[in-house]
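Architecture at a glance
Given next are the chains, with one letter for each unit.
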Amino acid sequence: MVRRCQVLTLALCAACATTGTRVATDDFRFVDSLFAAYSGEGVPGASVVVVRDGKVVVRRAYGMADLERHVSAAPETGYRLASVSKQFTAMAVMLLAKDGKLRYDQPVRDFLPELPAAARAVTVRHLLNHTSGLWDYEDLVPESRTTQLDDRDVLTLLESKDSLYFPAGSEYRYSNSGYVLLGMIVARVSGMSLPAFLHARIFEPLGMQASVAHVERSDTVPRRAYGYSPSGGTFVQTDQSVTSATLGDGGIYTNIDDMVRWDQALYTTQLVDAATLQLATTPPTLPGGAATQYGFGWFVDQYRGLKRWRHTGETSGFRNAILRFPDRRLTIVILTNRSSGEPQAIAERIADRFLLTPGS
């Protein structure tokens, strides 16, 4: 059964009816068709929002947020963002830089002296851009471990490796380790926990009341979705893994309505100025002229000849995607509570609909 949600006019958006009847008919049917596999009472679901010119033009939910309790997914459902969280961790660092509390080219060991000597040339900027060369903590977790790692455990694992994959700044390698460390730097510099800092400096000012950097048994995720994986023709709950408790690399839960608030704030100077956002979305050039595609918490590339900010998030039981086309003021966010499917590919089909279809 497809959940057919009405378009919601948020406080930050004008009435969607002004966009014409096409959005209310053909485009809705097109989007619904893309989520056929997510629709029904026996499958984990998805929530999707499309924002164009500051207006929410599609806001839908499909399937189930909680199979065991028979709770349907809704636009208000809170999903684990996984690596989509990195853009918020990066913004926290940018806010501290704006405050004069840290510098992008400051050595990471100024804040985390526990790191080995091999990391002495690693800077905050290297962590943000995934050019640090630090070891992936997932590769250092003993196979016998069954309890969840927290951020301190990650730091301990990295302390034990007095070497890097490559000299800092010389290559690109996506690193969850780097973003866990950035979250720890935010906490040490600010004197607040990362969840508290994100709440005070980002979520609360933007009205993101459903958003939380989740610590089990310490907070509540509003209308929480639980994660699932396909198994033997059905779905089994796989909501948590050994690496599901770290924060800076993927620990945020939120819903599509709060993601709209986040998206719209990025067109303003409410958090940081335009120059900082330009810096954050300008990937570095490596020695020898090699190009990269990662800024501060965002992949930045071209799609259909347009500048695109994008990120996906995959973790135990969740897959998500956000695509932003700032020059066209178009954003698509898809949050799902299953470890299968390709939300970015679906988001690209939706983007094509709105970018390429006349009158859409």
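Because the structure is a prediction, the values reported are computed rather than measured. (Residues numbered from 1 in each chain as written. Predicted model: local features only at pLDDT ≥ 70, side-chain atom pairs only at ≥ 80, totals over all residues. Heavy atoms only, no water.)

1. Quick look at the overall build of the protein
Counting its regular elements, the protein contains nine helices and 13 strands. Since a compact globule built from 360 residues should have a radius of gyration of about 21 Å, the 20 Å found for the protein is in line with a globular shape. The buried share of the protein, reckoned over its 360 residues, is 57%. In the protein, of all internal contacts separated by at least 6 residues, the share reaching a separation of at least 24 is 68%. Here the protein contributes 38 positively and 37 negatively charged side chains, and the mean placements of these two sets differ by 5 Å. (Helix = DSSP H or I, 4+ residues; strand = E, 2+ residues; numbered from the N terminus. Rg over C-alpha atoms; globule rule 2.2 N^0.38 Å. Buried < 20%, exposed > 50% of the residue type's maximum accessible area, 1.4 Å probe, protein only. Contact = heavy atoms within 4.5 Å. Lys, Arg positive; Asp, Glu negative; His and termini not counted. Charge placed at Lys NZ, Arg CZ, Asp CG, Glu CD.)

2. Structural notes on the packing of helix α4 (residues 151–159) against helix α5 (residues 176–190)
Where α4 meets α5, the axes come as close as 10 Å, and the angle between the chain directions of the two elements is 120 degrees. In terms of crossing hand, the pair formed by α4 and α5 is left-handed. On α5, the residues touching Asp151, Arg152, Val154, Leu155 and Leu158 of α4 are Ser177, Val180, Leu181, Met184 and Arg188. Across the contact of α4 with α5, the residue classes break down as six nonpolar, one polar and three charged. (Axes fitted to C-alpha atoms, helices over the stretch in contact; angles between N-to-C directions. Left-handed = near helix turned anticlockwise from the far one by under 90°. Nonpolar A, V, L, I, M, F, W, Y, C, P; charged D, E, K, R; others polar.)

3. Quick look at the pairing of strand β7 (residues 228–231)
Bridge count between β7 and strand β8 (residues 234–237): four bridges; the pairing is antiparallel. Paired with Ser229 across the two strands is Val236, which belongs to β8. The antiparallel pairing of β7 with β8 creates a hairpin that spans two residues between the two strands, and Gly232 there sits at a positive phi of about 60 degrees. (Pairing = 2+ DSSP bridges.)

4. Some details on the sheet that holds strand β10 (residues 299–303)
One open sheet accounts for six strands, arranged β2-β1-β13-β12-β11-β10; its pairing is antiparallel. Among the strands making up the open sheet, the edge pair consists of β2 (55–62) and β10. Looking at each pair of strands side by side, their axes are set apart by 15 degrees on average, direction ignored. Along the sheet, helix α9 (residues 343–356) contacts β1 (46–52), β2, β10, β11 (306–315), β12 (318–325) and β13 (330–336); its crossing angle with β13, the most-contacted strand, is approximately 150 degrees.

5. Regarding the pattern of salt bridges
A full pass over the atoms with the stated rule returns 24 salt bridges. One salt bridge connects Arg60 with Asp32, and the closest N-O pair in it is separated by 3.0 Å. In this pair, Arg60 sits in strand β2 while Asp32 sits in helix α1 (residues 21–34), placing the two residues 28 residues apart along the sequence. Asp32 matches Arg60 in its accessibility class, with the two residues each being buried. Linking Arg125 and Asp105 is a salt bridge whose minimum nitrogen-to-oxygen distance equals 2.8 Å. A residue pair is termed long-range when its members are at least 10 positions apart, and Arg125 in helix α3 (residues 124–129) and Asp105 in the loop between α2 (86–98) and α3 qualify at 20 residues. Classification of Asp105 by relative accessible area gives partly exposed; the value is 47%. Within the structure, one salt-bridge network assembled from shared partners comprises Arg59, Glu76, Arg223 and Asp257. (Salt bridge = Lys/Arg side-chain N within 4 Å of Asp/Glu carboxyl O.)

6. Here we look at α5
The end-to-end C-alpha distance of α5 is 21 Å, a good match for the 21 Å that 15 residues give at a rise of 1.5 Å each. Of all 15 residues in α5, 12 are buried; the element is thus mostly enclosed. Residues Asn176, Ser177, Gly178, Tyr179, Val180, Leu181, Leu182, Gly183, Met184, Ile185, Val186 and Val189 constitute the buried set of α5. In this structure, the buried residues of α5 make contact with α2, α3, α4 and α6 (194–206). Capping the start of α5, Ser175 holds a side-chain oxygen 3.4 Å from the backbone nitrogen of Ser177, two or three residues further along. (Expected span 1.5 Å × (residues − 1). Polar contact = N/O pair within 3.5 Å; in protein donor to acceptor, adjacent residues only side chain to side chain.)

Fair warning: the whole summary comes from geometry, so function is off the table for now.
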